[in-house]
Amino acid sequence: MSSEQKIQFYKGPAGGWGALNSVKNTLLRQEIPVKGVKTLLSANQPDGFDCPGCAWPDRNHHSAFEFCENGVKAVAAEATARRVGPEFFARHSVSELAAQSDFWLEDQGRLTHPMVYDAASDHYRPIAWDQAFALIARHLNRLPDPNQAIFYTSGRTSNEAAFLYQLFVRQYGTNNFPDCSNMCHEPSGSAMRPQIGVGKGTVTLDDFTRADAIFIFGQNPGTNHPRMLGELRAAHKRGARIVSLNPLRERGLERFADPQDKLEMATFGSTPISTHYFQLRVGGDMAAVKGMMKHVIEREDAVGGVLDHAFIAQHTTGFDALAADLRAEDWAVLEQESGLTEAQMRSAGDVYIGAGSVIACWGMGITQHMHAVATIQSIVNLLMLRGNLGRPGAGACPVRGHSNVQGDRTMGIWEKPPAALLDRLEDVYGFAPPRADGVDTVEAIARMRDGQAQVFIALGGNFAAATPDTYETWKALRRCDLTVHVATKLNRSHVVHGREALILPCLGRTEIDMQAAGPQGVTVEDSMSMVHVSMGINPPASDQLLSEPAIVAHLAAATLGGDGPPRSPASQGPLPPEGAAFCLGAARRQKSAVPWLWLVEDYARIRDEIEKIFPDFHDFNARVAVPGGFRLRNTASERLWATDSGRAAFAVHAVPRDTPAHRARARHADGIVFTLLTTRSHDQYNTTIYGMDDRYRGVYGQRRVVFIHAEDIRALGLKDGDLVDIHTVWDDGQQRSVAGFRLVAYDIPRGNLAAYYPETNPLVPLSAVALAAGTPTSKSIPVLLLPHRAASDR
């Protein structure tokens, strides 16, 4: 191990001086020490921009410092002084770029010009915007079936861009809208919609100030949503119980030092976060929740007064079936499957019983499992037993990832659109939207791989790195006739491309978006349904950048017509001949009546269009002009249940005992089958890698590590620090492995492993998805560990 690659126990709290030092180093690394500070002072402010990182809400902007350490990394990466322009692509062939790491690719800086792949030279070369749009339109319009095109969306996309995108694509003729929700919180919506009538969280930030207990399932806020630690710290200080259920010991769930607390910083102090910490087995959450509920029912049977009988009688169905199921449940099974003892589950149940108001939070440690939907419905069952929905200080809180992933779904980015949305689009715009469901992310990969889709367009994101079964995904992208990526920075998806490929550079959140009517703001929706404006403050990284709404509008105009040819800066050359882009499309469909280019002259016009389609956005422009914006209506928080029965529904689910891990262990009784969860490092957000360190876990200068219990290392006959290869155990006959991972002894239950993605995404089979949701089960992959074999020995 080199001096730069080391494992070192981290003694400090989350946040604190470590976070401040990281902020300083990040701004220096991106060469923006002065610009970076100025930019950060506008982050999450009423007249500033929404952080391009996570979707955690803002709290009334009482401080100029409304950002966290990882938010700084996201902002600095966008505001960086580094540039990736035509000269860069002239120096580097695509083959050379493909050999670089994901960290290196994104670390090069901001994209500055639209680029097209030239197969003859294996280089990207500049292309005029108009020519790029015409190229895409030709590909789209010569497809015999619109369903042969795939339109992906990143969670960073604004409401305005997402609305135009779904309108364009549905008018084009397909519902093929895979998005990042398919890979993260799809099970949350799939679970809650039939159960309580909404697919979103029911709480607000104010509820965190009133909760008596907060349960955190499968979530690591210290890295993934650091601003949440401020709410948890305040809750702990006023005496709320905080119960964490997580396989790994995570520093952000243990203790936190608020960088804005002068006394805490001066004394090197910190505040505890979790009052109770239960390290359950990977995938053991549902059994643990059932154990808690069984304890609640047994206490009710013994002493009474535990359940909220009035809530159950007035607002729910299915309680008797759930209670019977819980009474019949076997504690031995619950212990075996959860990895917790009966006493631990009863202890967690006692915290729940003793709390007047309870919030349950969860992240991708819950959603990326085969039985994710059943687990989430069990968590909601737990809340409903004592009426912890629709009242102050209580409710469900799925903590979303990217900063507008929830808003994109609200705007209609969904492969399974509700009939009411399609009806409204038809009424307002006079075209017949496609009614058949489209494909989700996993289905889109299979469709492209099998040659059933020829065009792939991504509005943001890093599809090649974010998705499961990496080499199958790469095979799928390479089979496309055209791949198009709208992006701010270079990433893996740009070097894993179709026969023709485009990179279209867009404005970032931090940048001024100047349109015909003046500087524009976009809107986003956070995890708690608050909608607010985001206004950039920095000059664009290049005068060749277009905003995402403008890119979508120009693409729609080029493909569907009806608004004249797309306009572009004079420096980008002459326009193509009138109608040159339409090809078969002109004969196949009527020209669009939507004034695409007029709409993007003033984004208030787009918001007027949104208001026509979505009733909850009435008076959109007026309401969003209020500092802090407005909250979308959430019927479940009002105890109004938009379900088939008009009531909230208890759901009965058996503890999963026939999972891929169970089956793998049965087939490999002669070896140790581990359950692997993929996770982020602290220097990472989604697939964006900001550095090679994971401070809170003590990992420095490396990413190819696997966290494992020390006793499991000994059982394998290996030593801490040894290199291993990881092999998936799956029943499709396909070999999946990654090589050269360093063993790191860590506080994790035996039989479980953790390692970083995207490095471990090749281990996740395309067929490994959550039931009734389709989300990749990246948190529960059965694997074997074998001593590392050098490439020459394989």
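Throughout what follows, the structure given in this document is the object of discussion. Keep in mind that what you see is a predicted model, and the values were worked out from it rather than measured.

### Concerning the sheet that holds strand E17 (residues 482–487)
Strand pairing in a sheet is mediated by backbone hydrogen bonds. Such pairs are either parallel or antiparallel. Here we have 6 strands laid out as an open sheet, ordered E6-E5-E18-E17-E16-E7, and mixed in their pairing. The open sheet terminates on both sides in strands that have one partner only, identified here as strand E6 (123–126) and strand E7 (149–153). For this sheet, the mean inter-axis angle between neighbouring strands, taken without regard to orientation, is 20°. When E7 meets strand E16 (residues 455–459), the two strands line up parallel, connected through 5 bridges. For Phe-151, the partnering residue across the bridge sits in E16 and is Ile-457. Most of the contacts of helix H27 (residues 548–560) go to E16, to which it runs at about 150°, and overall it touches E16, E17 and strand E18 (500–505).

### Quick word on the pattern of salt bridges
This model, assessed by the stated rule, comprises 45 salt bridges. Between Glu-472 and Lys-475 there is a salt bridge whose closest N-O contact spans 3.0 Å. Of this pair, Glu-472 and Lys-475 both sit in helix H26 (residues 470–478), separated by 3 residues, roughly a single helical turn. Taking relative accessible area as the criterion, Glu-472 reaches 9% and is therefore assigned buried. Salt-bridge contacts for Arg-703 lead to Glu-759; the nearest nitrogen and oxygen are separated by 2.6 Å. Of this pair, Arg-703 sits in the loop between strand E28 (699–700) and strand E29 (705–708) while Glu-759 sits in the loop between strand E32 (752–756) and strand E33 (781–787), and the two are 56 residues apart along the sequence. Here Arg-703 and Glu-759 have matching classes, each one buried. Through salt bridges with shared partners, a single network forms among Arg-29, Glu-31, Arg-82 and Asp-107.

### Concerning the side chain of Arg-409
In this structure, Arg-409 sits in helix H22 (residues 405–410). Using a relative accessible area of 16% as the deciding quantity, one classes Arg-409 as buried. A polar contact is formed between the side chain of Arg-409 and the side chain of Asp-179, at a distance of 3.3 Å. Within the structure, Arg-409 has its side chain in polar contact with the side chain of Glu-186 (distance 3.1 Å). Excluding anything up to four places from it in sequence, Arg-409 contacts Asp-179, Ser-181, Asn-182, Glu-186, Trp-414 and Glu-415.

Conventions and cut-offs
- Residues numbered from 1 in each chain as written.
- Predicted model: local features only at pLDDT ≥ 70, side-chain atom pairs only at ≥ 80, totals over all residues.
- Heavy atoms only, no water.
- Pairing = 2+ DSSP bridges.
- Helix = DSSP H or I, 4+ residues; strand = E, 2+ residues; numbered from the N terminus.
- Axes fitted to C-alpha atoms, helices over the stretch in contact; angles between N-to-C directions.
- Contact = heavy atoms within 4.5 Å.
- Salt bridge = Lys/Arg side-chain N within 4 Å of Asp/Glu carboxyl O.
- Buried < 20%, exposed > 50% of the residue type's maximum accessible area, 1.4 Å probe, protein only.
- Polar contact = N/O pair within 3.5 Å; in protein donor to acceptor, adjacent residues only side chain to side chain.

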